Amino acid sequence: MPRYAMVIDVEKCVGCMACVIACKKENKVADGYFRTRVVEEVRGEFPNLRMELRSELCNHCEIAPCIDACPTRASHRAKDGTVQIDHKKCIGCKACILACPYDARYIRPDGTADKCTFCQHRLKEGKTPACVETCLGKSRIFGDLDDPESEVSKLLRTYDAAVRLEWAGTKPRVFYVNKRFPGGVLTMVEITITGTNSITFPHFEVWDWRIVLYLFLGGLAAGTLVMCSIANLRPTKTVEELAKCVRAPLIAFVMLAVGALFIILEIKAPWHLYWGYLTFQPLSLMSWGTWGVPLVLFFNALYILAVLPEEQKHYLKFEFLKRFSDRLKPRMRLIAKINFVAGIFLAIYTGILLASFLAVPLWNNATLPILFLVSALSAGAALIVIIAKDVEIKYLFTKIDVWLIVIELLLIPLYFYGLYVSSAPYKRALEPFFSFKGEYFIYTLALILIFLFLPLALRMKIGEITEFEEHGLPYQFTRAQILRMNIAAILVITGTLILRGAIVYAGQLIKLSIY
């Protein structure tokens, strides 16, 4: 089978935009959307300046992050080596757009992702892509890399070719040569870009408040599951004593279900969602979520039935559910352990989901999953403190939350430091959090609020622990003490929401590419 590639001779491009128009006409690209673009760049210092034109499109990478990100196998590699999209399987989750470092994808009006296909329908007919055929200056050259006599193979043997963002490790199959200035193709400063899509230019406009709420509610549900599992695994209590509190797992179930609803509202082609359950993509974090969230909900439902007190079983309208609840009760500890693991998975998954996107430097950080895990656990402990009636439970989870807040306050600077000592795009990703100008001010304010809320909550919680230890058990908190405990818990939960919202939105301001 062939291994198609394209070579773009930058010196021959005259900037006529015929390739952009031919692509739109040939592939019936909707108004306002583009599969290819032309970049005008300038290089040098005045008065010694020169302008260069460069066409950009999908790079049909050999190591394509968009394929790995897709949960339904809609993005796939065709037999001819090109990267294609099966629009019947695409759910419009936009994970591929965030994974692509070249801003090559967009969402069509029908809700599915789209990009350059190298005009695959023409290749099957023995023709070249429309942009190649229409190029006035013969700047675009197309052929088979495995054919040593093809023009692309000859050009690559003759000239030093460059690729965009070579250090990203995607092995693109779109090469650039500049016969007059070899090796200097990709170091210009852009002047004009013709053929941009609003979803990727000037910033990513991919994920919004719905994803923020999913990450927040999913993390809070995960933390709550872990904490109520800990409460129900205490060795000094009998199953009958433990299997009484149904509120925490019930609240976790509702929060996770609502969070999953926000994901469905976010995807642009939910009618294709069933494809996500007809396959499993081990490298796609969206695929892990597609399968993982329903499984967590299932085990969460079992947990609710296992801890349901006898006096509340009349809420179960079906007799088989009551009998099932009776059978689950002796196995409550086992179910609690399963929910503990499920909660840890869900909490860390929300961070890994963001960290997996190569094109978003702020997210692509190994510390982020651990930060989201600790943040979720801290918020879960805070929620348990609010809803628990037992003094011992409030004291236990206040102590746990103190340690979690301390760890979170250490992880946030570590997360930013990891970006600071990395390469230029990752350093630029920090700008929104350390600038008071324009659109960045809100993110700097968010960081300030996080470092106000969490230390304040920490101070209040330490005071609560001190008061409790002075009196010991049996002890009843006063209304004022309970109010302070609830305020501290609300500060922690609010900090969790601010953290996720700031990272989701700020991450889409700075891209891997320089424009």
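Residues numbered from 1 in each chain as written. Predicted model: local features only at pLDDT ≥ 70, side-chain atom pairs only at ≥ 80, totals over all residues. Heavy atoms only, no water.

### Remarks on a nonpolar patch on the surface
Quick reminder of the rule: Exposure above 30% relative accessible area and no salt bridge define the residues that can form patches, which grow by joining like charges within 9 Å and nonpolar side chains of Val, Leu, Ile, Met, Phe, Trp and Tyr within 5 Å. Only the protein chains shown count as cover for residues, and the accessible areas themselves come from Shrake-Rupley with a 1.4 Å probe. We define a salt bridge as a contact between a side-chain nitrogen of Lys or Arg and a carboxyl oxygen of Asp or Glu at a distance within 4 Å. Where helices and strands are cited, they refer to DSSP runs of H or I of at least four residues and of E of at least two residues respectively, numbered from the N terminus.
A surface patch of nonpolar side chains, amounting to about 570 Å² of accessible area, comprises F436, F441, I442, L445, I448 and L452. If you trace the backbone, I442 turns up in helix α16 (residues 441–471).

### Quick look at helix α9 (residues 247–266)
We apply this condition: What a helix is expected to span follows from its residue count: subtract one and scale by 1.5 Å. A simple rule labels every residue: compare its accessible area, found with a 1.4 Å probe on the protein chains alone, to the largest value its type can have, and call it buried under 20%, exposed over 50%, or partly exposed in between. In this context, the arc is that of the directions from the helix axis out to the C-beta atoms. Contact between two residues is taken to exist if any of their heavy atoms lie within 4.5 Å; hydrogens are not considered.
The terminal C-alpha atoms of α9, which comprises 20 residues, lie 29 Å apart, in line with the 28 Å expected from a rise of 1.5 Å per residue. Those residues of α9 lying buried are A248, P249, A252, M255, L256, G259, A260, F262, I263 and E266. For α9, the arc enclosing every buried residue in end-on projection is 150°, short of the 170-degree limit, so these residues lie on one face. Where the residues of α9 are buried, they touch α7 (209–231), α10 (285–307), α12 (332–355) and α13 (367–387).

### Things to note about the packing of aromatic side chains
The test is simple: When two rings of Phe, Tyr or Trp (its six-membered ring) have centres within 6.5 Å they constitute a pair, described as stacked for plane angles under 30 degrees, edge-to-face for angles over 60, and tilted for the intermediate range. Should the NZ of a Lys or the CZ of an Arg lie within 6 Å of a ring centre and within 35 degrees of the ring normal, that charge is described as sitting over the ring.
In total, this model carries 18 aromatic pairs according to the counting rule given. Seen from their ring centres, W207 and W363 are 6.1 Å apart, and the 25° between their planes marks the pair as stacked. Placement of the pair is W207 in the loop between β10 (189–194) and α7 and W363 in the loop between α12 and α13, with a sequence separation of 156 residues. Each member of the pair W207 and W363 is classed as buried. For the pair F318 and F320, a centre-to-centre distance of 5.8 Å together with 35° between the ring planes defines the contact as tilted. Here the aromatic residues Y415, F416, F433, F434 and Y443 are joined through ring pairs into a cluster of three or more. The ring of F34 has K24 lying over it, and the distance from NZ or CZ to the ring centre is 4.6 Å. R54 extends its terminal NZ or CZ atom over the ring of Y176, reaching a point 5.8 Å from the ring centre.

### A short note on the packing of α9 against α13
Short version of the rule: Only the stretch in contact is used when fitting a helix axis, every axis being a line fitted to C-alpha atoms; angles between N-to-C directions are given from 0 to 180 degrees. Each angle receives one of four descriptions, namely roughly parallel if under 35 degrees, roughly antiparallel if over 145, roughly perpendicular if within 65 to 115, and oblique otherwise. Working rule for handedness: look at the near helix, and if it is turned counterclockwise from the far one by less than a right angle, call the crossing left-handed; if clockwise, right-handed.
Closest axis-to-axis distance for the α9/α13 pair is 11 Å, and the angle between their directions is 130°. Regarding the angle of α9 to α13, the classification is oblique. Crossing hand, α9 versus α13: right-handed. For the pair α9 and α13, contact is made by R247, A248, I251 and M255 and by L383, I384 and I387, respectively.

### Side note on empty space enclosed by the protein
The cut-off we apply is this: In this analysis a 1.4 Å probe is tested at points of a 1 Å grid over the protein atoms alone, and where it fits but cannot get out there is a cavity; an open set with protein on both sides within 12 Å along at least five of seven lines is a pocket; lining residues have an atom within 4 Å of a point. Grid points are joined across faces, edges and corners, and a volume is the space filled by probe spheres set on the points. Under this grouping Gly is polar, as are all residues other than the nonpolar Ala, Val, Leu, Ile, Met, Phe, Trp, Tyr, Cys and Pro and the charged Asp, Glu, Lys and Arg.
Applying the stated criterion across every chain, the model contains seven cavities of 30 Å³ or more. Estimates place the volume of the largest cavity at around 110 Å³. Taken together, 16 residues line the largest cavity, and the ones lying closest to its centre are C13, C16, C19, S55 and C135. Taken together, the residues that form the lining of the largest cavity break down as nine nonpolar, five polar and two charged.

### What about the domain arrangement of the protein chain?
Here is the rule we go by: An automatic or database domain assignment supplies the residue ranges for each domain. In this description, buried area is defined as the sum, over both parts, of the accessible area (probe of 1.4 Å) that is lost when the two are combined. Identification of polar contacts relies on pairs of N or O atoms within 3.5 Å, with a donor-acceptor requirement for protein atoms, meaning one able to donate a hydrogen and the other able to accept it, and with residues adjacent in sequence counted only if both atoms are side-chain atoms.
Splitting the protein chain by domain gives domain 1 (4–194) and domain 2 (209–507). Domain 1 and domain 2 are separated by 42 Å when their C-alpha centres are compared. Each partner contributes residues to the interface: domain 1 has 28 residues there, and domain 2 has 26 residues. When the two sides are added together, the surface that domain 1 and domain 2 hide from each other amounts to roughly 2,000 Å², 64% of it contributed by carbon and sulfur. On the domain 1 side of the interface with domain 2, the three residues burying the most area are P71, I91 and L98, jointly 28% of the side's total. The tally of links from domain 1 across to domain 2 stands at one salt bridge. Seen at the junction of domain 1 and domain 2, the total is 15 residue pairs in polar contact (both at pLDDT 80 or more). Elements with a contribution of two residues or more to the side of domain 1 that touches domain 2: α2 (65–69) and α3 (95–99). In terms of residue count, the dominant contributor to the side of domain 1 that touches domain 2 is α2 (four residues).

### Details of the environment of K89
If you trace the backbone, K89 turns up in the loop between β5 (83–85) and α3. A C-alpha to C-alpha distance of 5.9 Å links K89 and H272, two positions 183 residues apart in sequence. Discounting residues that sit within four places of it in the chain, K89 has contacts with T72, R73, A74, H272 and W275.

### Description of the sheet that holds strand β9 (residues 174–177)
Rule in force here: Two strands qualify as a pair provided DSSP detects at least 2 bridges between them.
Strand order in the open sheet formed by three strands is β8-β1-β9, and the pairing between neighbours is mixed. Edge positions in the open sheet fall to β8 (140–144) and β9, since each of these has one partner strand only. Across the sheet, the axes of successive neighbouring strands diverge by a mean angle of 25°, strand direction being ignored. Bridging between strand β1 (residues 4–9) and β9 involves four bridges; their strand directions are parallel. Within β9, the position partnered with D9 by the bridge is V177.

### As for the pattern of salt bridges
Per the counting criterion, the structure on display carries 20 salt bridges. Residue K511 pairs with D103 through a salt bridge whose shortest N-O separation is 2.9 Å. You can see K511 sitting in the segment after α17 (479–507) and its partner D103 sitting in the loop between α3 and β6 (106–107), a full 408 residues away along the chain. Neither residue differs from the other here; K511 and D103 are each classed as buried. The residue E266 makes a salt bridge to R210 at a minimum N-O spacing of 3.2 Å. Remark: R210 occurs in helix α7 and E266 occurs in helix α9; sequence separation between them is 56 residues. Neither residue differs from the other here; E266 and R210 are each classed as buried. Through salt bridges that share partners, R3, E62, D146 and R173 make up one connected network.

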